[in-house]
Amino acid sequence: MNLLALSDFNLVARHGGFGRAARASGRPKATLSRRVSELENSLNLRLFERGTRALKLTEEGRALHQRTGALLTELSETTAAITSGGDKPSGRLRISAPLLFSQIAMGKLAAGFAARFPQIRLEVTTEDRPVDMIEEGYDLVIRVNPDPDESLVGRAFLRDRLVVVASPSVSRPTDGAAAPAVVRGSFEQTGDWKVKTPDGALHIAVEPVLCVSSMIMNRDAIRAGAGAGRLPVSLVGHDLAAGTLVHWGDIEGPDIALWALYPSRRLLSARVSAFLDYLKSAFPTGAPEELTAFINE
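Per chain, the residues get numbers from 1 upward, laid out in the order the sequence is written. With the structure being a predicted model, the display of local features is reserved for residues of pLDDT at least 70 and the display and counting of side-chain atom pairs for 80 or more, all residues being used for whole-chain, interface and lining totals. Note that water and hydrogens are dropped before the side-chain values are worked out from all heavy atoms of the structure.

K.L.:
Please provide a residue-by-residue account of the side chain of Arg35, values included.
P.N.:
The secondary structure listing takes helices from DSSP runs of H or I that are at least 4 residues long and strands from runs of E that are at least 2 residues long, numbered from the N terminus. On the secondary structure map, Arg35 appears in helix α3 (residues 29–43). With relative accessibility at 18%, the residue Arg35 sits in the buried group. At 2.9 Å, the side chain of Arg35 and the side chain of Asp8 are in polar contact. When sequence neighbours within four positions are dropped, the list of residues in contact with Arg35 reads Leu4, Ala5, Asp8 and Arg27. Residue burial is assigned from relative accessible area. The probe radius is 1.4 Å, only protein chains are included, and a residue is buried under 20% of its type maximum, exposed over 50%, and partly exposed in between. Under the rule applied, a polar contact is a pair of N or O atoms within 3.5 Å (in protein, one hydrogen donor and one hydrogen acceptor; residues adjacent in sequence only if both atoms are side-chain atoms). Only heavy atoms enter the contact rule, under which two residues are in contact if any of them lie within 4.5 Å.

In structure tokens form, the structure reads like this:
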């Protein structure tokens with residue numbers, strides 16, 4: 001197999017078209033098209049569906065891109081490190097992170113990582129939706145309690161838990177009684193809260209007074225005394241320690257886990273390895289208190 005043709009195929013697949021790949025690489029569009037055609041002929045496979053407006057990978061093309069793209073990138077990085085006489089990771093690192101973690105921590109993490117690894121061009125996108133890492137060109141994604149995926153591997157680097165908190169001005173209800181609440185989502189989706197306390201279980205009948213779409217808005221409204229609410233303990237740990245919010249109890253259920261995920265492969269990119277090590281240094285034990293301290297430093 002011609003490695004140059006394979007490299008050009010991955011270039012076109014990564015950019016989603018011959019024109020975009022040519023502009024990004026400075027290579028002639030005709031050369032890229034010819035190389036991909038040569039590769040298809042040598043494999044006796046169609047790797048792209050060529051429509052009038054869009055270029056789309058076939059099933060075989062997607063499999064080839066997934067299995068060879070990372071290997072070619074690793075080979076390129078290794079060659080560059082050897083020829084430059086160093087072993088510092090370099091190149092672009094694309095990360096997708098969830099909204100709340102991005103708002104409270106990712107900017108600071110990214111700045112510290114960029115300062116430590118100036119040869120890496122870090123690109124962070126904020127979104128909660130599932131992403132196709134191969135199709136969308138991500139090197140690593142951070143997700144909360146992700147569903148199992150055989151194509152991805154990774155590690156949980158932070159754990160958190162949901163707690164019910166309120167301003168000291170809001171009276172804590174007795175078991176089964178109602179309490180004013182700030183909720184996320186919609187009023188129709190609201191259910192009662194089952195809370196664990198040192199004194200035993202507490203059932204709170206939720207009376208929504210305000211509906212918001214983000215946890216930051218939720219926290220701010222709770223701080224202002226609008227009502228009680230459910231939030232990650234890391235987000236309100238500073239308020240609880242200062243006494244500006246009161247802990248009513250922990251929500252029953254599994255903990256929240258933040259995972260760093262990357263495509264399953266034998267060779268892990270030096271850039272991804274560097275970022276995983278940086279996460280580990282920022283949150284050595286992965287406890288909620290470490291995230292609270294990090295965002296309030």
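There is more to say, and it comes next.
K.L.:
Residue-level account of the environment of Lys280, with values.
P.N.:
Summarising the element assignment, Lys280 is placed in helix α9 (residues 270–282). Within the structure, Lys280 has its side chain in polar contact with the backbone oxygen of Pro284 (distance 2.8 Å).

K.L.:
Run through the sheet that holds strand β11 (residues 229–232), naming residues and quoting values.
P.N.:
DSSP-based pairing: two strands are paired if at least 2 bridges between them are found. Taken together, the 6 strands give an open sheet; going across it, the order is β8-β10-β9-β12-β7-β11, and neighbouring strands pair in mixed fashion. Each edge of the sheet is formed by a strand with only one pairing partner; in this case those strands are β8 (178–184) and β11. Averaged over all pairs of adjacent strands, the angle between strand axes in this sheet comes to 50°, irrespective of strand direction. Sheet topology places strand β7 (residues 162–166) next to β11; 4 bridges connect them, and they run antiparallel. Bridge pairing in β11 places Val165 opposite Gly229. Fitted lines through C-alpha atoms give the axes, limited to the stretch in contact for helices. The angle between two N-to-C directions lies from 0 to 180 degrees.

K.L.:
Tell me what's going on with the packing of helix α2 (residues 18–25) against α3, and back it up with residues and numbers.
P.N.:
It is the contact of α2 with α3, at a shortest axis distance of 9 Å, that shows an interaxial angle of 120°. By the criterion of interaxial angle, the relationship of α2 to α3 is oblique. The two elements α2 and α3 cross, and the hand of that crossing is right-handed. From α2, Phe18, Gly19, Ala21 and Ala22 reach across to α3, where they touch Lys29, Leu32, Ser33 and Val36. Tallied by class, the residues present in the contact of α2 with α3 amount to 5 nonpolar, 2 polar and 1 charged. Roughly parallel refers to an angle under 35 degrees, roughly antiparallel to one over 145, roughly perpendicular to one between 65 and 115, and oblique to any angle outside these ranges. Helix crossings get a hand from a simple test, with the near helix turned counterclockwise from the far one by less than a right angle marking a left-handed crossing and a clockwise turn marking a right-handed one. When residues are grouped by polarity, Ala, Val, Leu, Ile, Met, Phe, Trp, Tyr, Cys and Pro land in nonpolar, Asp, Glu, Lys and Arg in charged, and all others, Gly among them, in polar.

K.L.:
Talk me through the packing of aromatic side chains; I want residue IDs and the actual numbers.
P.N.:
Geometry of aromatic contacts follows a simple scheme: Phe, Tyr and Trp rings, the Trp one being its six-membered ring, pair when their centres are within 6.5 Å, and the pair is stacked under 30 degrees between planes, edge-to-face over 60, tilted otherwise. Under the counting rule described, the total for this entry stands at 8 aromatic pairs. Within the aromatic cluster, the residues linked to one another by ring pairs are Phe101, Phe157, Phe283 and Phe294. We count a charge as sitting over a ring when the NZ of a lysine or the CZ of an arginine lies within 6 Å of the ring centre and within 35 degrees of the ring normal. Over the ring of Tyr138 we find Arg94, and its NZ or CZ is 4.3 Å from the ring centre. The ring of Phe294 has Lys108 lying over it, and the distance from NZ or CZ to the ring centre is 4.5 Å.

K.L.:
Can you break down the pattern of salt bridges residue by residue, with the values?
P.N.:
Where side chains of opposite charge bring their charged atoms close, a pairing between them can arise. What makes a salt bridge here is a side-chain nitrogen of Lys or Arg within 4 Å of a carboxyl oxygen of Asp or Glu, nothing more. Enumeration according to the criterion identifies 13 salt bridges in this entry. In this structure, Arg161 and Asp250 form a salt bridge, with 3.2 Å as the shortest nitrogen-oxygen distance. With Arg161 in the loop between β6 (152–160) and β7 and Asp250 in strand β12 (residues 246–251), this pair connects stretches of sequence that are 89 residues apart. Among the residues examined, Arg161 registers a relative accessible area of 28% and is labelled partly exposed. The class for Asp250 is buried, based on a relative accessible area of 18%. With a shortest N-O distance of 3.4 Å, Arg219 and Asp220 are connected by a salt bridge. The network of salt bridges with shared partners includes Arg219, Asp220, Arg223 and Asp239.

K.L.:
I'd like a description of unusual backbone geometry, backed by residues and values.
P.N.:
For Asn44, which is not glycine, the phi dihedral falls at a positive 60°. Along the chain, Asn44 turns up in the loop between α3 and β1 (48–50). At Asn145, a position not held by glycine, the phi torsion is positive, near 40°. Within the fold, Asn145 resides in the loop between β5 (140–144) and β6. Of the residues examined, Asn145 reaches a relative accessible area of 39% and is grouped as partly exposed.

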